[in-house]
Structures are given as C-alpha cells and as structure tokens.
Amino acid sequence: MSDSISNKLPVNPNDASTNANKTSDRVISDDATTDKKATNDNADKLNHEAATEASPHPNQAVSERQVIAPLRPDVPATDISLINDSSRAKKSSKTKPASPSFFMMRGYQILLVLSLIAAFALAMVYQTLFGRIEQPQKMVTIEHGQTYYGLLPQWQKQIPLFSSSIAKLYIKSQVDAPLHAGTYQLPENPSLTDALSILQQGAKVAMVKVQIIEGKRASDLYQTLRETPGIKLEVLGKSGAEADNQAIANALGIAAELPANVKDSTDAIVNHNLEGWFTPDTYYYGEGTTDKKILLDLYQKQKQALDKAWASRDSNVPYQTPYEALVMASIIEKETSVPEERPLVAAVFANRMKKGMRLQTDPTIIYGMGSRYDGNIRRSDINEVTSYNTYQINGLPPTPIALPSAASIEATLHPAASDALYFVATGNGGHKFTNSLADHNQAVQEYLKVRRQKQAAEQP
C-alpha cells in the first residue's frame, strides 16, 4: 500500500534533498539529545558519588571543596570553594591594615633607644646626687689640703650607678666655697648633696686645731682643751684633771659606762676615771666650740669603734666585756708603736691571761705611779703594789692606761695566731717574740748588748 501511494504522488527533485536533510537533522537531534541526556546522567552520578564521599556520615560537616549537584539537568555543577575563596579575599582586603613603612619602624626603634638612654642618665644623676650611703651619724675630720673630690670614693663604693664624673661636674658648677680643714658632723645616711652642704659651712667660721696623739692620756686631752684658744670651757674649768674625774663624767653624762668597781673605788686615780674613752686624732672645730661638745664627739667616736670591733671579735678572746677589751687595747697601744706588731702583742697578752699568768707589763707600773714617775722604773717600783701594777696584780688593771687607737682595739679583739708568751725590745726598733722563758731571757741579753753598744758609741 505504501508503494502505491508513493507511486501516485508527484516527484519533486528538491523534495528528496529536503527530506534527506530533515532525516539527517532528526538523526543529529536525536543523537544530541541522547548525548546530553547521557552527560546529565553522568553528572548526576558523579555529583552523587562526590556528595557521598564528602559526607559519609549525616552529622559530618561538608568540605569547602564540596561540589553541589545542580537542581536542573541543564545547569552545570557549582564549586562552592570558589565562592568562599573570593569572599575571604574581599574580606581580607578590607580588614588588613596597611604595613608601616621601613623608615617609620626604624624611627620608633631609635626613639625607644633614646628614651632608655635618657632614663638611665637621669637615674645616674639622681643616684649620684641624692643616693644615700649607710653610716651612722659621725664626725669627719678634714685635713689641710684635702679636696671635695677626695670624698667621692666613699659614695662610689656604696651607691649603684654613682658617677664620679657627674659628681665632679656638680661640685665644679655648684660649690663655690673651698674645702676648709675642720671637724664636721655628718648626719645618718647622708647623700652627697647633704655632705657638701655641711662641708661648705666651714668657710664661714674660723677653725681651731685639737690634736691628741695615740697613747696619750685623758689628762693630756683635758690640758690641751684648756690651753687651746677658741675652745669654750664648760666642763673642764681651769683646775687639774685627775681631781675632777667624777665631775667630768657626770657633766658628760657617761658615768654609766663605767664598771661599778671604777665608780666606787677609793683610789683617786681609779674613781670615775674616763681614761681610754676618747679617740686620739687630729680635729678641727669652729671657734667658740665648747669642751663638752668636743669630749662627747670623741667619746662617741671611740664607743662606735669599740662596739664594732666587739661585735666581730674572735670567739676565743679572754675578755668578758667591751670595757675589758678597751683596757687591753690601751696596754697594747703603750707597748708598741709598730702597727704590724699590734696583733702579736695582743696574742701574747691573751695567751698569758688564758694560762693564768700575770701580764707583767711596764706601762701599767708607770700609770699606777701617777705623778711620781720620773722616767725610770726601779726594782722598788716593780715590787710596789698599786691598783695598776700588773707585776703584782692578777688579770687586767681596773681602767685603761691610755687613749687607744681604733687599730689597737681591732688587734685586741682579733689577735694573731701565735703561741708566744713573751716579747722584749730588740734595741733596733720593734720586739722579739718568744714562746719560752729561756728564749725570752736570751732575747733580753741580746737587747742589753745592743743598748751597751749604742751607749758606747754615743760617748765622746
């Protein structure tokens, strides 16, 4: 039947071409549709697998790289990481501050360094001028020729960040008065400016010199004060010193420092004797200074030296009180003028006391004789029993026999490590120390030989 209809229709040559084209277009269209459908099916399958791999568990978070399957088959899948990366880039570009320039950073660093340097310099200035050294209120004696610069090491040793250059610049620019010789009282824990302020006052007053040599007696000090022009007498008066011992002790208010056996003694030399309590040295005081102030200053200085040495004394010294140490220091002061020998002399006397031996020291005979001493010690003097003669009494005399130096006090409480029990002069300066009486007697004979030789050489 189809054949018959075909035979009956007219044939147009163009129709064949048209039909062929239509047939071809239908085939291509069908193929394209088939291919597109296959592509979409594959995309759905891939998206499903990707979603399954990205979220294997319902509660697991979705990765940023997760691909979202399209809702429509003809829309390609979208990668959300591209959206997130783009958003973060925009947000970061908005919030990130601009980096400071190299020169600005370097400027901040330089400013910081300069600030630290300035703070350090200010700290040095403050410490130099206002830093305080640790010391009690004390008397300071300035000798002729000393300068303000000579005071700086004391502060430099104790004060951190102290600068001698800054101190010298301050003195040069701010201190007009020259440093005058004198004795000045510095306050407790003074700063450099405190000390300079006090020392400058010396230019406003005339100074008087008071010199007491080590080993001299308190009576020598009293006489010096009486005879020095410019010293105002309140305590000493113009009479002899020995008769006024109690009055002097009471006037100075230091009688309580004396042991009971000294205050209650019936011996005129012993009773209220202040021997040993004044530091020998050279002092300068302003005109019009009273003898009371000078004596109290010297007493305070001696007491400080004694207390300091006693606090650090060797554990094996045989002295029970600081006063006993002061008595022994006065004996050492009289026995030797050689500084290096003081600890050895101290060791001899300490050893003898520990063994119960008498001290047998000549200066104690002389002190007990008082005004009767004429420069010679006779056998009768050695045999005489007095309060001070250590050839006749056991232990220490009741009071010191001289004004000891701080060095003798130190030696008393820190004697040398020696077993020596004797010493005698060599005749050429110094002493010979021995451990036995036989060796001592031999040393005595050697001394006498040297003495005879010198006497022979002096004869015309």
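Residues numbered from 1 in each chain as written. Predicted model: local features only at pLDDT ≥ 70, side-chain atom pairs only at ≥ 80, totals over all residues. Heavy atoms only, no water.

> Sorry if this is basic, but what is going on with the overall build of the protein here?
When helices and strands are counted, the protein shows 17 helices and eight strands. With 460 residues in all, the protein has 35% of them scored as buried. Long-range contacts, defined as pairs at least 24 residues apart, comprise 65% of the intrachain contacts of the protein with a sequence gap of at least 6. (Helix = DSSP H or I, 4+ residues; strand = E, 2+ residues; numbered from the N terminus. Buried < 20%, exposed > 50% of the residue type's maximum accessible area, 1.4 Å probe, protein only. Contact = heavy atoms within 4.5 Å.)

> What exactly am I supposed to notice about the environment of Val140 here?
By the element assignment, Val140 lies in strand β3 (residues 138–142). Here Val140 falls in the buried class, since its relative accessible area comes to 18%. Separated by 59 residues in the primary sequence, Val140 and Leu199 place their C-alpha atoms 9.7 Å from one another. When sequence neighbours within four positions are dropped, the list of residues in contact with Val140 reads Gly182, Thr183, Tyr184 and Leu186.

> Any chance you could explain the layout of surface pockets here in plain terms?
The gaps left among the atoms become clear once a water-sized probe is rolled over them. Here the largest pocket is characterised by a volume of approximately 1200 Å³. Lining the largest pocket we find 34 residues, and of these Gln360, Thr361, Asp362, Tyr391 and Val424 sit closest to its centre. Of the residues forming the lining of the largest pocket, the biggest block, six residues, is contributed by helix α17 (residues 437–458). Looking at the lining of the largest pocket residue by residue, the class counts come to 20 nonpolar, six polar and eight charged. Within this model, the second largest pocket holds a volume of roughly 700 Å³. As for the second largest pocket, its lining consists of 25 residues, and the residues nearest its centre are Lys138, Met139, Lys301, Gln304 and Ala305. Top contributing element to the lining of the second largest pocket by residue count: helix α11 (residues 291–311), with six residues. Across the lining of the second largest pocket, the residue classes break down as seven nonpolar, ten polar and eight charged. (1 Å grid on protein atoms, 1.4 Å probe; cavity = no way out; pocket = protein on both sides within 12 Å on 5 of 7 lines; lining within 4 Å. Points joined across faces, edges and corners; volume = space filled by probe spheres on them. Nonpolar A, V, L, I, M, F, W, Y, C, P; charged D, E, K, R; others polar.)

> How do you make sense of empty space enclosed by the protein when you look at a structure like this?
As enumerated under the stated definition, the model contains two cavities of 30 Å³ or more in all. Computed from the structure, the second largest cavity encloses a volume of approximately 50 Å³. Lining the second largest cavity, in full, are Val140, Leu151, Gln154, Trp155, Leu186, Ala195 and Leu199. Going through the elements one at a time, α5 (152–158) and α7 (192–199) are the ones with two or more residues in the lining of the second largest cavity. Partitioned by chemical class, the residues of the lining of the second largest cavity number six nonpolar, one polar and no charged.

> Can you help me understand the nonpolar core in this one?
Across soluble globular proteins, you tend to see nonpolar side chains buried next to one another. Membership of the largest hydrophobic core comes to 56 residues, with the highest contact counts inside it found for Leu274 and Phe278. Counting only elements with at least two residues in this core, the list comes to β5 (207–211), α8 (218–227), α9 (245–252), β6 (282–286), α11, α12 (322–335), α13 (342–354) and α16 (406–413). Residue contributions to this core peak at eight residues, all from α12. Excluding residues within four positions of it along the chain, Phe278 makes contact with Ala218, Leu221, Tyr222, Leu252, Leu295, Leu298, Tyr299, Gln302 and Leu403. The next biggest cluster of nonpolar side chains, apart from the first, holds 20 residues, and it includes Ile159, Ile171, Leu179 and Leu192. (Core = buried A, V, L, I, M, F, W, Y, C linked by side-chain atoms within 4.5 Å.)

> Can you walk me through the pairing of strand β4 (residues 182–186) in this structure?
Two faces belong to every sheet, and in a regular strand the side chains alternate between them. In terms of burial, β4 is a largely internal element, four of the five residues being buried. Strand direction decides the pairing type here: β3 and β4, joined by five bridges, are antiparallel. Of the residues in β4, the one forming a bridge with Thr141 is Thr183. (Pairing = 2+ DSSP bridges.)

> Looking at this structure, I do not really get α9. What am I missing?
In an α-helix, one full turn covers 3.6 residues, which means residues spaced three or four apart are oriented alike. Taken together, the buried positions of α9 are occupied by Asn245, Ile248, Ala249 and Leu252. In an axial view of α9, the angular spread of the buried residues amounts to 95°, which keeps them on one side of the axis. Next to the buried residues of α9 lie α8 and α11. Gly253 sits one or two positions beyond α9 and adopts a positive phi of about 75°. (Arc of directions from axis to C-beta.)

> Help me out: how do you make sense of unusual backbone geometry in this one?
If a residue is not glycine, its phi is most likely negative; likewise, a peptide bond is most likely trans. Backbone geometry places Leu161, a non-glycine residue, at a positive phi of 65°. With respect to the helices, strands and loops of the structure, Leu161 is situated in the loop between α5 and α6 (164–174). Although it is not a glycine, Gln360 adopts a positive phi angle of roughly 50°. Relative to the assigned elements, Gln360 resides in the loop between α13 and α14 (362–369). Overall, Gln360 belongs to the partly exposed group, its relative accessible area being 39%.

> When you look at α7 in this model, what are you seeing that I'm missing?
Listed in full, the buried residues belonging to α7 are Leu192, Thr193, Ala195, Leu196 and Leu199. The arc that holds the buried residues of α7, viewed along the axis, is 160°, so those residues lie on one side.

> Is there a simple way to think about the pattern of salt bridges in this case?
For side chains bearing opposite charge, pairing can occur when the charged atoms are close. All chains considered together, the criterion is met by ten salt bridges. Note that Lys301 is salt-bridged to Asp281, the shortest N-O span being 3.2 Å. Note that Lys301 is positioned in helix α11 and Asp281 in the loop between α10 (260–263) and β6, a separation of 20 residues in sequence. Measuring nitrogen to oxygen at the nearest pair gives 3.0 Å for the salt bridge that ties Arg372 to Glu384. With Arg372 in the loop between α14 and α15 (379–383) and Glu384 in the loop between α15 and α16, this pair connects stretches of sequence that are twelve residues apart. With a relative accessible area of 45%, Arg372 lands in the partly exposed category. Connected through shared salt-bridge partners, Glu214, Glu333 and Arg342 make up one network. (Salt bridge = Lys/Arg side-chain N within 4 Å of Asp/Glu carboxyl O.)

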